[in-house]
Amino acid sequence: MRHEHIETNSALMLLLIMVVISIGGLVEIVPLFYINETIEKVDGVRPYTPLESRGRDIYVREGCYLCHSQQIRPFRDEWLRYGHYSLAAESQYDHPFQWGSKRTGPDLARVGGKYSNQWQVQHLKNPQSVVPQSIMPRYPWLLENDLDYADADTRMRALRVTGVPYSLTQIEYDANLKKYGKEIADQLDINQAQNSLLKQAREKNFDGLPERITEMEALVAYLQVLGTMVDFTKYDEGYFAQFR
Amino acid sequence: MNENMNEKQSAGAVQTTGHAWDGDLQEYNNPLPRWWLWCFYGTAVFSVLYWFIYPSWPVGQTWLKGFGSVSYTISDKATGKEKEQEYRWNTRSLLLEDLSDAANNTQRKEMMAKVRTADYDQILKDRKMMEFVRSVGKGLFGDNCAACHGRGGQGVAGMYPNLTDDDWLWGGGMNQIHQTLVEGRNGFMPAFGTVLKPEQMDDVAEYVLTLSGEARPGEASERGKEIFHGQVGGCYYCHGADAKGVQSQGAANLTDRIWTVVDLPALKTPQDKKTALKNLITTGVNNTRIMPAWKDRLSPTDVKLLAVYVRQLGGAK
């Protein structure tokens, strides 16, 4: 094929340009679909419970990711401030992940358990009342809105399609039972989604309102589990280097 | 130079590309400068070297890992001893290298080791360690504690205790601060809403106000005093016969003007203050005054640094 032929045939040239520029993207993206070695072998990572999962939906709805990342990078300053760098395994059930690089607020990858539920509620309601210099907006409606959990099971079904091991059949349930124990396996069972959600909300009462299940309840439940699933004291300092 | 080129071109020394557009429009084929060409070939060669030194191409189920390597020192989990290790180049190895030999990090490590083995008395007496506590502690405090207790440890009136005054709910001794950090605290006061009648609660509130000079003693406060110190209210169980609080219970001193649950000084009228106190007595404190436990999040050395840092904020006894 002569150069002149390509240059004078715009449809052919367009096609060839597309082929050339897509090579770069394909080489970078396609291997991620089949190289599983990069997912660290680590205990403890489980899918979110129905309540946490609804909290995550609210996190996305309110656009928290616009100011907060959930990805601690392997740098010394981040290590000192936020703790262990994030693992690929830790966001394997996130669809979509919340990594991000925009940090107007601090990174939230390991915020779980760092503050009390009460602080989280107060802070979301009125951030300046606890951190005067904060520029975070207020989210008072989270306490006013009751949580809509009628479709909790449908949402889990959708996530199951993407590969999250929520159980629908007895076989799947048994697999979770073996892997996570009864309490978590029940939480991951789509057939009892609403009940599990209510159970966790009543037991933990994240929003401090015993009679109500608010959106705050779900969001705080989600925040409190972030980055807490892996027990890093179990692993050698150099262990995670082998997955990169 | 330009003129020179033009001369060359007009003399036909430079070839054209061979096309002729619109009849007579031709294109010169000037070669690229040689230095530029060699740089270009150089980058191509470099990219091949790069593939082999650093992680690059995907191959089957894995990828080329490169033969660059990084060495670092880590502490062995089993023996607790430091050991040298070498591993292939990647960002995680680089972090370990950075953690083990960055200049200010080795200094930091040295001081950390010193603090780890020292006890509180030794740290408080050692000027160099205290300097370290003030600089590193400030960062730790800012990241972990400031969210509730404020950047300067001033707390939030009515919600989170001030750490710079000398009023301590759970005690301001080194061991008590240590315990508070490690295990957390859960403040509790029973709800008296069903135990006492509304007028009795009025009286108790009135009495409590007199303790810190917020109200003058009178008939109501005398009645409240009886409830406070008697079997009916039993407030003295936790707050003490002198109402100065009992630190092992986390019960507040009611005779000073420092309030940690209701923000009394912010309220203007005596009636508002009384109502606020009455509400508190009615509902009590249950699961709303929680200091989280930090033992799973902070290393023992970090806890030590923070305990001393909190102490030197000014208020510890």
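Residues numbered from 1 in each chain as written. Chains lettered and ligands numbered in written order. Predicted model: local features only at pLDDT ≥ 70, side-chain atom pairs only at ≥ 80, totals over all residues. Heavy atoms only, no water.

Peer 1: Tell me about the overall build of chain A, and please be specific about residues and values.
Peer 2: Looking only at helices and strands, chain A features 12 helices and zero strands. Ordered by position in the sequence, the α and β elements of chain A form the string α-α-α-α-α-α-α-α-α-α-α-α. For chain A, the spread of C-alpha atoms along the three principal axes comes to 75 × 50 × 40 Å. As displayed, chain A has an accessible area near 12,900 Å², and 58% of this comes from carbon and sulfur atoms. (Helix = DSSP H or I, 4+ residues; strand = E, 2+ residues; numbered from the N terminus. Areas by Shrake-Rupley, 256 points an atom, 1.4 Å probe, with all protein chains shown as cover.)

Peer 1: For the pairing of strand β3 (residues 69–75) of chain B, give the residues involved together with the corresponding values.
Peer 2: Successive side chains on a regular strand alternate, one facing one side of the sheet and the next facing the other. Residue and element names in this part refer to chain B. Here β3 shows a clear split, with Val70, Tyr72 and Ile74 buried on one side and none of Ser69, Ser71, Thr73 and Ser75 buried on the other. With seven bridges joining them, β3 and strand β4 (residues 82–88) adopt antiparallel strand pairing. Looking at the pairing, Thr73 lines up with Glu84 of β4. If you look at the hairpin formed by β3 and β4, you'll find six residues sitting between the two strands, and Gly80 has a positive phi there, around 80 degrees. (Buried < 20%, exposed > 50% of the residue type's maximum accessible area, 1.4 Å probe, protein only. Pairing = 2+ DSSP bridges.)

Peer 1: Describe the interface of chain B and chain A, naming the residues involved and giving the relevant values.
Peer 2: Taken together, the contact between chain B and chain A spans 42 residues of the former and 43 residues of the latter. Between chain B and chain A the total buried area reaches about 3,700 Å² when both faces are included, carbon and sulfur atoms providing 52% of it. In this assembly, chain B and chain A are joined by six salt bridges. Arg76 of chain A serves as the salt-bridge partner of Asp98 of chain B, at 3.1 Å between the closest nitrogen and oxygen. The tally of links between chain B and chain A comes to 14 residue pairs in polar contact (both at pLDDT 80 or more). Looking at the side of chain B that touches chain A, the elements with two or more residues in it are β2 (62–63), β3, β4, α3 (91–101), α4 (103–117), α6 (127–144), α7 (146–149) and β6 (285–291) of chain B. It is α3 of chain B that contributes the most residues to the side of chain B that touches chain A, seven residues altogether. Per-class residue counts for the side of chain B that touches chain A are 18 nonpolar, 12 polar and 12 charged. (Contact = heavy atoms within 4.5 Å. Buried area = accessible area lost by both parts, 1.4 Å probe. Salt bridge = Lys/Arg side-chain N within 4 Å of Asp/Glu carboxyl O. Polar contact = N/O pair within 3.5 Å; in protein donor to acceptor, adjacent residues only side chain to side chain. Nonpolar A, V, L, I, M, F, W, Y, C, P; charged D, E, K, R; others polar.)

Peer 1: I'd love a proper account of the domain arrangement of chain B, names of residues and values included.
Peer 2: By domain assignment, chain B separates into domain 1 (34–63), domain 2 (69–120) and domain 3 (143–314). Centre-to-centre separation of domain 1 of chain B and domain 3 of chain B, based on C-alpha positions: 67 Å. (Domains from an automatic or database assignment.)

Peer 1: Can you tell me about the packing of α4 of chain B against helix α13 (residues 300–312) of chain B, naming the residues and giving the values?
Peer 2: All names here are of chain B. Contact geometry of α4 with α13 gives a least axis separation of 9 Å together with a crossing angle of 80 degrees. In terms of orientation, α4 lies roughly perpendicular with respect to α13. Every residue of α13 that contacts α4 at Met112, Val115, Arg116 and Thr117 is listed here: Thr301, Asp302, Lys304 and Leu305. Residue composition of the contact of α4 with α13, by class: three nonpolar, two polar and three charged. (Axes fitted to C-alpha atoms, helices over the stretch in contact; angles between N-to-C directions. Parallel < 35°, antiparallel > 145°, perpendicular 65-115°, else oblique.)

Peer 1: I'd like a description of the packing of aromatic side chains, backed by residues and values.
Peer 2: The tally for this structure, following the rule as stated, stands at 21 aromatic pairs over all chains. Ring geometry for Tyr239 of chain A versus Phe243 of chain A: centroids 5.5 Å apart, planes at 70 degrees, classification edge-to-face. Ring pairing ties together the aromatic residues Phe232, Tyr235, Tyr239, Phe240 and Phe243 of chain A, which thus form one cluster. Taking NZ or CZ as reference, Lys65 of chain B lies 4.4 Å from the ring centre of Trp63 of chain B, over its face. (Phe/Tyr/Trp six-rings, centres within 6.5 Å; stacked < 30°, edge-to-face > 60°. Lys NZ or Arg CZ within 6 Å of the ring centre and 35° of its normal.)

Peer 1: For the environment of Thr91 of chain B, give the residues involved together with the corresponding values.
Peer 2: Examined against the element boundaries, Thr91 of chain B turns out to sit in helix α3. Distance in space between the C-alpha atoms of Thr91 of chain B and Val70 of chain B is 9.9 Å, their sequence separation being 21 residues.

Peer 1: Talk me through the state of the cysteines; I want residue IDs and the actual numbers.
Peer 2: Under the defined criterion, the tally for this structure stands at zero disulfides over all chains. Of the cysteine sulfurs around Cys67 of chain A, a residue in no disulfide, the closest is that of Cys64 of chain A, at 8.9 Å. We classify Cys67 of chain A as partly exposed; its relative accessible area is 32%. The thiol of Cys235 of chain B is not disulfide-bonded; the next cysteine sulfur, from Cys238 of chain B, is found 9.1 Å away. Owing to a relative accessible area of 13%, Cys235 of chain B belongs among the buried residues under this scheme. (Disulfide = S-S within 2.5 Å.)

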